[in-house]
Number of protein chains: 2
Amino acid sequence: MIFSLDKAIELLERTPDVLNTMLLGLSADWTSANEGGDTWSPYDVIGHLIHGEQTDWLPRAEIILSESVDKTFRPFDRFAQFEDSKSKSLAQLLDEFADVRSRNLERLRAFNLTDSDLGKKGIHPVFGEVTLSQLLATWAVHDLNHIAQISRVMAKQYKNEVGPWIEYLRILKA
Amino acid sequence: MIFSLDKAIELLERTPDVLNTMLLGLSADWTSANEGGDTWSPYDVIGHLIHGEQTDWLPRAEIILSESVDKTFRPFDRFAQFEDSKSKSLAQLLDEFADVRSRNLERLRAFNLTDSDLGKKGIHPVFGEVTLSQLLATWAVHDLNHIAQISRVMAKQYKNEVGPWIEYLRILKA
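All figures in this text were calculated on a predicted structure; none of them were measured in a lab.

Quick notes on the rules
Residues numbered from 1 in each chain as written. Chains lettered and ligands numbered in written order. Predicted model: local features only at pLDDT ≥ 70, side-chain atom pairs only at ≥ 80, totals over all residues. Heavy atoms only, no water. Helix = DSSP H or I, 4+ residues; strand = E, 2+ residues; numbered from the N terminus. Buried < 20%, exposed > 50% of the residue type's maximum accessible area, 1.4 Å probe, protein only. Contact = heavy atoms within 4.5 Å. Polar contact = N/O pair within 3.5 Å; in protein donor to acceptor, adjacent residues only side chain to side chain. Axes fitted to C-alpha atoms, helices over the stretch in contact; angles between N-to-C directions. Parallel < 35°, antiparallel > 145°, perpendicular 65-115°, else oblique. Left-handed = near helix turned anticlockwise from the far one by under 90°. Nonpolar A, V, L, I, M, F, W, Y, C, P; charged D, E, K, R; others polar. Salt bridge = Lys/Arg side-chain N within 4 Å of Asp/Glu carboxyl O. Least-squares fit on C-alpha atoms with pLDDT ≥ 70 in both. Expected span 1.5 Å × (residues − 1). UniProt positions renumbered as here; feature names shortened; annotations may be inferred. Buried area = accessible area lost by both parts, 1.4 Å probe. Core = buried A, V, L, I, M, F, W, Y, C linked by side-chain atoms within 4.5 Å.

### Focus: the overall build of chain A
- In terms of regular secondary structure, chain A is built from eight helices and two strands.
- For chain A, the α and β elements follow one another from N to C terminus as α-α-α-α-α-α-α-β-β-α.
- With the C-alpha coordinates aligned to their principal axes, the bounding extent of chain A is approximately 55 × 35 × 30 Å.
- Here chain A holds 174 residues, and 56% of them are scored as buried.

Take a look at the structure:
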C-alpha cells in the first residue's frame, strides 16, 4: 500500500474514538496497570499521545514545510507525560487527546498538501533526512502501535488467569 | 490481577464497539489486506470472532456447567470464517458480532455464577482439564489479542512507507 494522505487521515481521525471506546469507564485495574518495571500503563500511553500531538507530528510537518534553512526537528521527549499528566484523570486525558488531534487534523488539511509537498524533507535528530510522507505514515502507524500496546498491557493482567491457553495467545508472549 | 467476572465482562461488552470504531467505514485497503500468505485480514478476524461466539466460549461454559458426565469440548475450527463470511460485507459481520456477543453476555449473566462455579472444570481437546474462570479469562484476552492483531495487520500496510522510523515501531517487527 502506497502512502495516501486521505487514507492516513482515515486512521488518524478515528484514534481518539477508538481509545475512548477501549478505555473510558474501565476499572483502574485495567487502565493503570503496566507490564512491570518502568513499562507504561494505558493511562501513560494517552499522555504520550498528547505530547506527540503537541510537540512531534504537526510541529515537525510545519518545519518541513517552512521556508527555514535549518529543518532539523527538536528531539521528542518520550517521558514528558509523567510530568504533564500529573493530577489529570484518564477521562481528562482522553478528552485532551481528542481535542488536540482534531485541531492538528484541521491544520493538516489546511496545508492542502500536493504530491510535491509530500516529498519535502526535514532532518530527524537520529535518522537524518526523512520526507513529509514518511512522517505522516509514521504518525498513523504510531497510533496503531499504541492501540496494540494498550491491548497487550491489559491482556497481560490476566497472564496467570488463562491457564494452559497461554499457548494460543500470542499477545501474552510479546 | 485475579480473575473477576465483572472485570472480564467490562472488556467483553465493549469489544464490538471497539471493532466498529476501528473498522466501520474504513477503506478496504485497510480492512481487506493481510500480512501476506495465509495470514488474516481484519475482515477475516471478525468472521473468526463470530464463529467463536457461536461455537466456542459460551457453548464450552455450558458444557462445564452441565450435569453431563462427559465434559469434553468440541474442537474449535479456526478456519470456519472463510466459508461462513462468504458474500457478507464487513459492516454485516460487525453487526452480527455485536448481536451474538450481546446475547452471549446475557446468557453469561443469567448463569449467576458463584465462586464455586468458576472453579468447575471441562476437558479441552488439547490441554485436558481447564476451569471455567480460565475459559472466561481467555475469552477476554482473546478479544485483546485480536484487537492487537488488527492494529498490527493495518500498520504493516505502511511498513515500506515509514522510512527509517521502522526502527522505533515495534508493531512493524512483530
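### Remarks on the environment of D44 of chain A
All names here are of chain A.
- By the secondary structure assignment, D44 is in helix α3 (residues 42-55).
- As for D44 and F3, which are separated by 41 residues in sequence, their C-alpha atoms are 29 Å apart.
- Setting aside its immediate chain neighbours within four residues, D44 contacts T39, Q81 and F82.
- Here S41 takes part through its backbone nitrogen, which lies 3.0 Å from a polar atom of the side chain of D44.

### Some remarks on the packing of helix α6 (residues 90-110) of chain B against helix α8 (residues 132-156) of chain B
Residues and elements named next belong to chain B.
- Axis separation between α6 and α8 bottoms out at 14 Å; the angle between their running directions is 160 degrees. As summarised for this structure, α6 and α8 are arranged roughly antiparallel, according to the angle between their axes. As for the relative orientation of α6 and α8, their crossing is left-handed in sense. Across from R101, N104, L105 and L108 in α6, the residues of α8 making contact are L136, W139 and D143.
- Residues that form the contact of α6 with α8 fall into these classes: four nonpolar, one polar and two charged.

### Considerations on the pattern of salt bridges
Residues and elements named next belong to chain A.
- Tallied over the full model, the rule gives 26 salt bridges over all chains.
- With a shortest N-O distance of 2.7 Å, E53 and R101 are connected by a salt bridge. Pair noted here: E53 is in helix α3 and R101 is in helix α6 (residues 90-110), with a separation of 48 residues, a long-range link. Both residues of the pair, E53 and R101, count as buried.
- The closest approach of N and O atoms between K120 and D117, which form a salt bridge, is 2.9 Å.
- When its relative accessible area of 12% is taken as the criterion, D117 is described as buried.
- A single network of salt bridges, built from pairs that share partners, joins E35, R152 and K156.

### Quick look at the environment of L105 of chain A
Residues and elements named next belong to chain A.
- Examined against the element boundaries, L105 turns out to sit in helix α6.
- Since its relative accessible area comes to 3%, L105 is described here as buried.
- Spatially, the C-alpha atoms of L105 and L58 are 8.6 Å apart, while their sequence positions differ by 47 residues.
- With residues up to four places along the chain from it excluded, the contact list for L105 reads L12, E13 and W139.

### Things to note about unusual backbone geometry
- The phi torsion at S87 of chain A lies on the positive side, around 70 degrees, for a residue other than glycine.
- Mapping S87 of chain A onto the fold places it in the loop between α5 (81-84) and α6.

### Brief notes about the relation of the copies chain B and chain A
- Superposition record for chain B on chain A: RMSD 0.0 Å, screw rotation 180 degrees, translation along axis 0.0 Å. This pairing of chains is accounted for by a two-fold axis. For chain B, the residue whose C-alpha comes nearest the rotation axis is A148 of chain B, separated from it by 2.1 Å.

### Comments concerning helix α1 (residues 5-23) of chain A
All names here are of chain A.
- Taking 1.5 Å per residue, 19 residues should reach 27 Å; α1 reaches 28 Å between its end C-alpha atoms and fits that length.
- In terms of burial, α1 is largely enclosed, as 15 of its 19 residues are buried.
- Trailing α1 by a residue or two, G25 shows a phi angle of about 85 degrees, which is positive.

### Re the UniProt feature "domain: DinB-like" (unreviewed entry) in chain A
- As annotated in UniProt, the feature "domain: DinB-like" (unreviewed entry) corresponds to residues 12-150 of chain A in the numbering used here.
- From the first C-alpha to the last, residues 12-150 of chain A spans 17 Å; its make-up is 63% helix and 6% strand.

### Here we look at the interface of chain B and chain A
- Between chain B and chain A, the contact holds 56 residues from the first and 56 residues from the second.
- Broken down residue by residue, the surface that chain B buries against chain A is led by M1, Y158 and W165 of chain B, which jointly contribute 17%.
- At the boundary of chain B and chain A, one finds two salt bridges.
- Measuring nitrogen to oxygen at the nearest pair gives 2.8 Å for the salt bridge that ties K7 of chain B to D29 of chain A.

### Considering the nonpolar core
- I46 of chain A together with I46 of chain B are the most contacted members of the largest nonpolar core, which totals 105 residues.
- Residues in contact with I46 of chain A, not counting those within four places in the same chain, are L19, L23, L90, L93, L94, F97 and I150 of chain A.

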